[in-house]
Amino acid sequence: MDLRKSALTAWAAALALNAVALGMVFVYVPAERTMGPVQKIFYYHVPSAISAYILFGLAFVFSALYLWKEAPRWDTLAHACAEVGWVFITVVLVTGPIWGRAAWGKWWVWEPRLTTALVLWLMYTAYFLLRLFSGHDAHTARVAAVMALIAFFDVPIVHWAVTWWGSVVHPAKVSLETSMRVTFLVSMAAVFALAAAFTLARTQAGFAEAERLAGERP
């Protein structure tokens, strides 16, 4: 698999889809009647959360494969997915309070989904800091893999928090009009393409770094 070509293809798709999605968000889809224009954050907030879930899931799988096989490529893939997933969960935690402040007058409410999402961000921040400041040895990779396995178990808790414990800001069910549903699906494709582009680029950089380090070892 040529990662460079795949990354370029993903970037081209991401740019095209995001241009269409942004046009639909700001021109095509109407503002929600209750919350007004700020509700349009939804079209990137939710896809970013789903992208983070998927990337953390991939990091979980690749980390498990690394612990089983101890092949460096699985560690590189896990690192790339976890790092890009961290970026997208950060987007969620930034856009959420902006939406909440404009819609409900509060930046933050300590309710189950928000609290568990913050815990998720903190766990992957710890993972990110470990990879950033520790060495590139096998021991660090194993510790990081275990951290990724543990952190992922918070993902289903975040997802089902509203169903299990309720929420004061997140509805249990969302119904969308046709134009909103179409815009959401296009935005989802746009964010997924962007996540794929970032992940492929980060993976390519990770493999290049691994080769460089291998060449420096005696």
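Look up a bit, the structure's there.
Residues numbered from 1 in each chain as written. Predicted model: local features only at pLDDT ≥ 70, side-chain atom pairs only at ≥ 80, totals over all residues. Heavy atoms only, no water.

**A look at the layout of surface pockets**
For step 1, the next point in the chain: Quantified by volume, the largest pocket comes out at close to 1,200 Å³.
For step 2, the next point in the chain: Contributing to the lining of the largest pocket are 43 residues, with V46, R113, H170, P171 and V174 lying nearest its centre.
For step 3, the next point in the chain: Elements that contribute at least two residues to the lining of the largest pocket include exactly helix 2 (42–69), helix 3 (72–104), helix 4 (112–133), helix 6 (154–165) and helix 7 (178–216).
For step 4, the next point in the chain: Considering every element that reaches the lining of the largest pocket, the biggest residue donor is helix 3, with eight residues.
For step 5, the next point in the chain: Each residue belonging to the lining of the largest pocket can be placed in one class, and the counts come to 29 nonpolar, eight polar and six charged.
For step 6, the next point in the chain: Of the volumes computed, that of the second largest pocket is approximately 570 Å³.
For step 7, the next point in the chain: Looking at the second largest pocket, it is lined by 25 residues, and the ones nearest its centre are D75, T76, R131, H136 and A210.
For step 8, the next point in the chain: Breaking the lining of the second largest pocket down by element, the ones donating at least two residues are helix 3, helix 4, helix 5 (138–152) and helix 7. (1 Å grid on protein atoms, 1.4 Å probe; cavity = no way out; pocket = protein on both sides within 12 Å on 5 of 7 lines; lining within 4 Å. Points joined across faces, edges and corners; volume = space filled by probe spheres on them. Helix = DSSP H or I, 4+ residues; strand = E, 2+ residues; numbered from the N terminus. Nonpolar A, V, L, I, M, F, W, Y, C, P; charged D, E, K, R; others polar.)

**As for helix 3**
Each turn of an α-helix holds 3.6 residues, which means side chains three or four residues apart point in the same direction.
For step 1, the next point in the chain: Between its terminal C-alpha atoms helix 3 stretches 47 Å, which fits the 48 Å expected from 33 residues at 1.5 Å a residue.
For step 2, the next point in the chain: Following helix 3 by one or two positions, G105 adopts a phi angle in the positive range, close to 85 degrees. (Expected span 1.5 Å × (residues − 1).)

**Brief notes about helix 6**
For step 1, the next point in the chain: Looking at helix 6, one finds that the buried residues are D154, V155, V158, A161 and V162. With its buried residues spanning 155 degrees around the axis, helix 6 presents them on a single face.
For step 2, the next point in the chain: Residues of helix 6 that are buried sit in contact with helix 2, helix 4 and helix 5.
For step 3, the next point in the chain: Directly beyond the C-terminal end of helix 6, a positive phi value near 80 degrees is found at G166. (Buried < 20%, exposed > 50% of the residue type's maximum accessible area, 1.4 Å probe, protein only. Arc of directions from axis to C-beta. Contact = heavy atoms within 4.5 Å.)

**Description of the packing of aromatic side chains**
For step 1, the next point in the chain: Evaluated as defined, the whole model comprises 13 aromatic pairs.
For step 2, the next point in the chain: Summarising the aromatic geometry, the rings of W86 and W121 are spaced 6.1 Å apart at their centres and angled 25 degrees between planes, so their arrangement reads as stacked. A residue pair is termed long-range when its members are at least 10 positions apart, and W86 in helix 3 and W121 in helix 4 qualify at 35 residues.
For step 3, the next point in the chain: For W86, a relative accessible area of 19% puts it in the buried group.
For step 4, the next point in the chain: Both rings, one in W164 and one in W165, keep their centres 5.6 Å apart while their planes meet at 80 degrees; by these two values the pair is edge-to-face.
For step 5, the next point in the chain: Look at W164 and you get partly exposed, because its relative accessible area is 49%.
For step 6, the next point in the chain: Site record: aromatic cluster; members linked through ring pairs are F42, Y43, W99 and F184.
For step 7, the next point in the chain: The ring of W68 is capped by K69, whose NZ or CZ atom sits 4.1 Å from the centre of that ring. (Phe/Tyr/Trp six-rings, centres within 6.5 Å; stacked < 30°, edge-to-face > 60°. Lys NZ or Arg CZ within 6 Å of the ring centre and 35° of its normal.)

**Structural notes on the pattern of salt bridges**
For step 1, the next point in the chain: Counted under the stated rule, the structure contains three salt bridges.
For step 2, the next point in the chain: In this structure, the salt-bridge partner of R131 is D75, at a minimum N-O distance of 2.9 Å. Of this pair, R131 sits in helix 4 while D75 sits in helix 3; the two residues are 56 residues apart in sequence, bridging distant segments of the chain.
For step 3, the next point in the chain: On the basis of relative accessibility, which here comes to 12%, the residue R131 falls in the buried class.
For step 4, the next point in the chain: Residue classification places D75 among the buried positions, given a relative accessible area of 13%.
For step 5, the next point in the chain: Among the salt bridges present, the one from E83 reaches R202, with a minimum N-O distance of 2.9 Å. With E83 in helix 3 and R202 in helix 7, this pair connects stretches of sequence that are 119 residues apart. (Salt bridge = Lys/Arg side-chain N within 4 Å of Asp/Glu carboxyl O.)

**Some words on the packing of helix 4 against helix 6**
For step 1, the next point in the chain: Here helix 4 crosses helix 6 at 175 degrees, and the two axes come no closer than 8 Å. One way to sum up the angle between helix 4 and helix 6 is to call them roughly antiparallel. Side by side, helix 4 and helix 6 meet where P112, R113, T116, A117, V119, L120 and M123 of the first sit next to D154, V155, I157, V158, H159, A161, V162 and W165 of the second.
For step 2, the next point in the chain: Here the contact of helix 4 with helix 6 is built from residues that sort into eleven nonpolar, two polar and two charged. (Axes fitted to C-alpha atoms, helices over the stretch in contact; angles between N-to-C directions. Parallel < 35°, antiparallel > 145°, perpendicular 65-115°, else oblique.)

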